[in-house]
Amino acid sequence: MKDFQLPAYFLSYLDNGSLKIKCDENTSINFFIDGDSRIIDVLDVPIKLDKKPGLIKQLSEGKDLAKNLKDKGITLEIRYQGKTALKLGRDANPKLAKIVTLSNDIEISDLKILKKLSDVF
């Protein structure tokens, strides 16, 4: 069976709202919209995922999404327990991350937090 991938491009079509994903009454993931920003805050993931791709592969696969978001004037911010790990799209300032991602549209805000997040997923 081929892996299912949820297309993330739908983020550019959302104008307002929020979503909480809970497990056993505890919030695991918060998603909300703040102006032109779409924010995903991973608080806890109560399951373990096997066979996940490496961090570099995950980032390189996000290039098209990041460019699409930037073209639409949207920023996707990925947080782990409230701390920003990654930005894609309009407000991304890649600095040295451009060497790794080969994209002007992906910013690694905090490598330690990103590593913790990638360990969870």
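Residues numbered from 1 in each chain as written. Predicted model: local features only at pLDDT ≥ 70, side-chain atom pairs only at ≥ 80, totals over all residues. Heavy atoms only, no water.

Overview of the overall build of the protein chain
- Scanning the protein chain for helices and strands turns up 4 helices and 6 strands.
- Scanning the protein chain from its N terminus toward the C terminus, one meets helices and strands in the order β-β-β-α-α-β-β-α-β-α.
- Buried positions account for 35% of the 121 residues belonging to the protein chain.
- Within the protein chain, contacts between residues at least 6 apart in sequence are counted, and of these 48% link residues at least 24 apart. (Helix = DSSP H or I, 4+ residues; strand = E, 2+ residues; numbered from the N terminus. Buried < 20%, exposed > 50% of the residue type's maximum accessible area, 1.4 Å probe, protein only. Contact = heavy atoms within 4.5 Å.)

Things to note about the pairing of strand S5 (residues 83–89)
- As paired elements, strand S4 (residues 75–80) and S5 share 6 bridges and run antiparallel to each other. Residue pairing in the sheet places threonine 75 in a bridge with glycine 89 of S5.
- Here S4 hands over to S5 after 2 residues, with glutamine 81 in that stretch at a positive phi of 55°.
- Bridging between S5 and strand S6 (residues 106–108) involves 3 bridges; their strand directions are antiparallel. Its bridge partner lying in S6, lysine 87 is registered against glutamate 107. (Pairing = 2+ DSSP bridges.)

Overview of the nonpolar core
- With 20 residues, the main nonpolar core has Leu69, Leu76, Leu86 and Leu88 as its most contacted residues.
- Mapped onto this core, the elements with two or more residues apiece are strand S2 (26–34), helix H2 (63–71), S4, S5 and helix H4 (111–120).
- With residues near it in sequence (within four places) discarded, leucine 88 still touches Gly62, Ala66, Leu69, Ile74, Thr75, Leu76, Ile78, Asp105 and Ile106. (Core = buried A, V, L, I, M, F, W, Y, C linked by side-chain atoms within 4.5 Å.)

Digging into unusual backbone geometry
- Phi at aspartate 24 takes a positive value of approximately 55°, unusual for a residue other than glycine.
- Its place among the elements puts aspartate 24 in the loop between strand S1 (18–23) and S2.
- Even without being glycine, glutamine 81 reaches a positive phi, approximately 55°.
- With respect to the helices, strands and loops of the structure, glutamine 81 is situated in the loop between S4 and S5.

Re the confidence of the model for the protein chain
- When the pLDDT values of the protein chain are averaged, the result is 82; 81% of them are 70 or greater.
- Throughout residues 1–6 the model reports pLDDT below 50, and contacts reaching past four residues in sequence, or to other chains, amount to 0 contacts. (pLDDT = per-residue confidence, 0-100.)

Quick word on the pattern of salt bridges
- For the coordinates displayed, the defined rule picks out 5 salt bridges.
- For the salt bridge of glutamate 77 with arginine 79, the shortest nitrogen-to-oxygen distance reads 2.7 Å.
- By relative accessible area, which is 10% here, glutamate 77 ends up buried. (Salt bridge = Lys/Arg side-chain N within 4 Å of Asp/Glu carboxyl O.)

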